[in-house]
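# Descriptive analysis of the structure
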Amino acid sequence: MSFFLNVILPLPLEKRFTYEISREEASFIQPGMRVAVPFGKSKIYTGIVAEVHNTPPQLYDAKPIEQILDNAPVVTPGQLKFWNWLAKYYMCSEGEVLRAALPGGFLLESETLVQLGNTKEVNEDELGDDEYLLYEALQRQSSLKIKEIIQLLDKKTVLPVINKMVTRGIVVVNQEIYEQYKPKLIKYVKLNKEHASEAAMHVLLDDLGRAPKQREVILTLFQLQAGSKKPIKLKNLVKASGSSAAVVKTLIDKKVLIDFKLQEDRVSFEINKSTTVLELNEWQQKALSEIKKHFNEKEVCLLHGITSSGKTEVYIRLIEAAIANGKQVLYLLPEIALTAQLVARLQAFFGEKVLVYHSKYSVNERMEIYEHVLKASEKAQVILGARSSLFLPFNDLGLIVVDEEHETTFKQFDPAPRYNARDAAVVLANMHGANLILGSATPSIESYYNASHDKYRLVNLDRRYGEVLLPEIEIVDIKEKYRKKRMTGHFSDRLLEEIKLALAEEEQVILFQNRRGYSPILECTTCGHSPQCPNCDVSLTYHSNSNQLRCHYCGYHIAMQKKCMACDSPELTTKGFGTEQIETELKALLPEARIGRMDQDTTRGKHGHQKIITSFEQEEIDILVGTQMLSKGLDFRKVRLVGIMNADTLLNFPDFRAHERSFQLMLQVAGRAGRTKDRGKVLIQTYNPHHQIVKQVSVNDYKGMYKEQLEDRYQYQYPPYYKLIRFTLKSRDYSKTNEAADWLARSLQNVFREHVLGPEFPPVARIRNEYYKNILLKIPPKQSLGKTKAYIEKIMGSFKAIGAWRSVRVIINVDPY
Ligand code: ADP
Ligand code: ZN
Ligand code: ZN
């Protein structure tokens, strides 16, 4: 009898691939182990074993495998099942899911680049012969491909050697660039121990009799110390004593005071640890017991809790209960809301049991976490992560929390699998028999619909913690303001007044503008020309910091132009405005204020977000200008005012979800105001003060918004009533893209009739010199999804058989919005 393996390769193949193995190999190999296998002409890939069986493939001769890479499975049966569901539901290959699911270091292949890791000291005596050879070669040559290592070591089976070295951090793969996290250090001061006794203190104060300023500083320090056990920040001491940094420095030079530095998040962690157990208030308590009741009946819960109602504390209790039962917990968040703040809060509660999983982590860090979860180690009982943490090898998942469930960043657009982590979490929880809670202050229409139609259970939390009032919302009609000449740049007189008021009281301000850059478009007043990207169908955006015109799609850039590129006229103006311009205007209007900016341009790199968030928390910034990044679950303590610079760009977005999204965004940004004692204030500048959504935001009318949007969705046949599948065709050839799109649309129309929309060019129809065209398929509630997809696969089969369109790619996106 012969033995075979079905292997999932990390490639967009429609099927698993079959290899032949020996009897001994068959008795050793289990599904979920990695094997190195040949594929194509001379390539080697790492694949995952899906099944061991005795049926030879019919269409080709099975090749032998190269090597078994594991002693035990690294992928669980549960993961294989989940991958299979994802591939079927989102219409992609299991191989594409595999690529998304495993950290890159697990998937060595012939083209993989291997380099020395720069984090570890290597003890050469501990290296095996092959390891030493490779280690030495990498000191002479910065990187080697795996196929070159095969030559170097003169053997085929090099993957186990490399795997071991990757695990030990001696080498890294795929040009992983290590960015060392430099935690922010804050200066603190304390009294020199010599002066700590009461007697010594009196002597000291007497000595300082002739230096009243220094004496004042010492007295203030005592005062501050009496009030709290926290270490005293140098900055705060200067401020509280009404003294200067120079005076404090003199005291440090005299060794009366000692200065030291601490890492900010460690400090808050240490402090919170002793005071962690927060009593839930009456409303939180009630929500918690409702959720627990629903969990007992195995129901999914939607927690609709207004901003700052204390949802996190409720989640913490649920997590506590799950881990008390020995279960694993997954806490899903949008990437950007994964802040040190939240991590510290959870660590304060659960200590070392919390691990964070982040796509910006290095491959090694991700592999480490993966292995902790696989081994179900103590350290990995609670995983806090962005959407990709759904792929971790959980074996005993008891609870999934999806916080900010309305967030669009739970959906992955590119590459496949184009999954929505919230929806996939429902399936994953179901597979594990785990509980699931979705939470938001502004639930998605889908989830609220499910909760109103008995699919989920709805739990409400509609008081802010500590009875803080929701911010007062004022709408500013900027058409009127322009007419009356009460605008300075993009600021109405009302907004400026409120900003000044907040600053005068040493409180902070957030300004929201949903566009980065300076002002998106440069326009010639003589001929109307705007400079375009040569590779994409978009106008270039002006960035004043670099004095460049840039394309936001492909990165193309040129120097800012002084004359029109078409007619040479020097009369250029700008249209629209972005965060950068707001920042520049503000600096001119309020030269004293400290202004920060948070958008894609200022938050690159692993810790980009965290740096800005920390400076704002540390009150090193008075006014933070930013894009929608600001709306995501951040808990700032001293924000009194939120200004929305222009609501109209949100409302006019050409998308059936534009209104729902505008409502969510505005309400979420507004929710950053006044989270502690005093009532916050929100100003919304708009040309359409009577727009329904603006009104609904201003009175926090979620249900009104929901009802109205739902009517539209019903009438125009959109989700949650109809399901959507979008086909995007793209190629470098304009007419081929068109012809292929017409053919595909007609084929779909043969079956699905009027439920096929398009083909249509998207708003940006050319990106990086590729032409795009979309077709949208609407699936009525009663139509079988399985059958629909089977038809689509049949049509795609014929499509791929047409040679002329080989260069046209078709991207299928299920639930595209
Ligand atoms: P949400 O996520 O609902 O917007 P948070 O969970 O961030 O709200 O809570 C808002 C603020 O209220 C936080 O600063 C939190 O520390 C505080 N808070 C919430 N619940 C409690 C509680 N039971 N005791 C003390 N403080 C609480
Ligand atoms: Zn011109
Ligand atoms: Zn471009």
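Preceding block: the structure.
Residues numbered from 1 in each chain as written. Chains lettered and ligands numbered in written order. Predicted model: local features only at pLDDT ≥ 70, side-chain atom pairs only at ≥ 80, totals over all residues. Heavy atoms only, no water.

## Description of the coordination of the zinc ion (ligand 2)
- Only C524 (SG), C527 (SG), C564 (SG) and C567 (SG) from the protein coordinate the zinc ion (ligand 2), and they sit 2.3 to 2.4 Å from it.
- Coordination geometry of the zinc ion (ligand 2): the four donor atoms subtend angles of 106 to 113 degrees at the metal centre, consistent with an arrangement described as tetrahedral.
- Read in sequence order, the donor residues for the zinc ion (ligand 2) give the motif C-x2-C-x36-C-x2-C.
- Classification of C567 as partly exposed rests on a relative accessible area of 32%. (Donors = N, O, S within 2.8 Å, 3.2 Å for Na, K, Ca; no water. Tetrahedral: all angles 85-135°; square planar, octahedral: opposite > 155°, others 65-115°. Buried < 20%, exposed > 50% of the residue type's maximum accessible area, 1.4 Å probe, protein only.)

## Some remarks on empty space enclosed by the protein
- Taken as a whole and assessed by the stated rule, the structure comprises three cavities of 30 Å³ or more.
- For the largest cavity, the calculated volume is near 70 Å³.
- Around the largest cavity sit T76, G78, Q79, F82, W83, L390, F391, L392, F394, L428 and H432, which together line it.
- Every element with two or more residues in the lining of the largest cavity is listed here: α2 (77-89) and α16 (421-432).
- Looking at which element gives the most residues to the lining of the largest cavity, the answer is α2, with four residues.
- Class assignment for the residues of the lining of the largest cavity results in seven nonpolar, four polar and no charged.
- Approximately 40 Å³ is the volume found for the second largest cavity.
- Forming the boundary of the second largest cavity are L522, E523, C524, H529, P531, Q561, K563, C564, M565 and L572.
- Among the elements that take part in the lining of the second largest cavity, strand β24 (residues 521-524) stands out by supplying three residues, more than any other. (1 Å grid on protein atoms, 1.4 Å probe; cavity = no way out; pocket = protein on both sides within 12 Å on 5 of 7 lines; lining within 4 Å. Points joined across faces, edges and corners; volume = space filled by probe spheres on them. Helix = DSSP H or I, 4+ residues; strand = E, 2+ residues; numbered from the N terminus. Nonpolar A, V, L, I, M, F, W, Y, C, P; charged D, E, K, R; others polar.)

## Describing the site of ligand 1
- Neighbouring ligand 1 are 17 residues; E279, S308, K311, T312 and D635 lie closest to it.
- The separation between a nitrogen atom of ligand 1 and a polar main-chain atom of E279 is 2.6 Å.
- At 2.8 Å, a side-chain N or O of K311 approaches an oxygen atom of ligand 1.
- Relative to its unbound accessible surface of 560 Å², ligand 1 loses 85% to contact with the protein.
- No other element matches the three residues that helix α13 (residues 311-324) contributes to the shell around ligand 1.
- Looking at the shell around ligand 1 residue by residue, the class counts come to four nonpolar, six polar and seven charged. (Near = heavy atom within 4 Å. Polar contact = N/O pair within 3.5 Å; in protein donor to acceptor, adjacent residues only side chain to side chain. Areas by Shrake-Rupley, 256 points an atom, 1.4 Å probe, with all protein chains shown as cover.)

## Describing the side chain of K773
- With respect to the helices and strands, K773 occurs in strand β36 (residues 770-779).
- In this structure K773 is buried but unpaired, with D742 as the nearest side chain of opposite charge at 4.8 Å.
- With residues near it in sequence (within four places) discarded, K773 still touches F727, T728, L729, T737, N738, A741, P759, E760, F761 and P762. (Lys, Arg positive; Asp, Glu negative; His and termini not counted. Salt bridge = Lys/Arg side-chain N within 4 Å of Asp/Glu carboxyl O. Contact = heavy atoms within 4.5 Å.)

## Section: the sheet that holds strand β9 (residues 171-173)
- Strand order in the open sheet formed by three strands is β8-β7-β9, with antiparallel pairing between adjacent strands. Only two strands of the sheet have a single neighbouring strand rather than two, namely β8 (143-145) and β9. Shown here is a sheet whose adjacent strand axes are inclined to one another by a mean of 30 degrees, direction ignored.
- In terms of strand pairing, strand β7 (residues 113-116) meets β8 through three bridges, oriented antiparallel. Bridging across to β8, Q115 finds its partner in S143.
- Sitting on the sheet, helix α5 (residues 146-153) touches β7 and β8, and the angle it makes with β8 is about 90 degrees. (Pairing = 2+ DSSP bridges. Axes fitted to C-alpha atoms, helices over the stretch in contact; angles between N-to-C directions.)

## What about the packing of helix α26 (residues 734-752) against helix α27 (residues 785-801)?
- Look at α26 against α27: their axes get within 11 Å of each other, and the N-to-C directions meet at 145 degrees. Between α26 and α27 lies a crossing whose hand is right-handed. Residue-level contacts link A740, W743, L744, S747, L748, V751 and F752 of α26 to T788, Y791, I792, I795, M796, S798 and F799 of α27.
- In terms of residue class, the contact of α26 with α27 is built from eleven nonpolar, three polar and no charged. (Left-handed = near helix turned anticlockwise from the far one by under 90°.)

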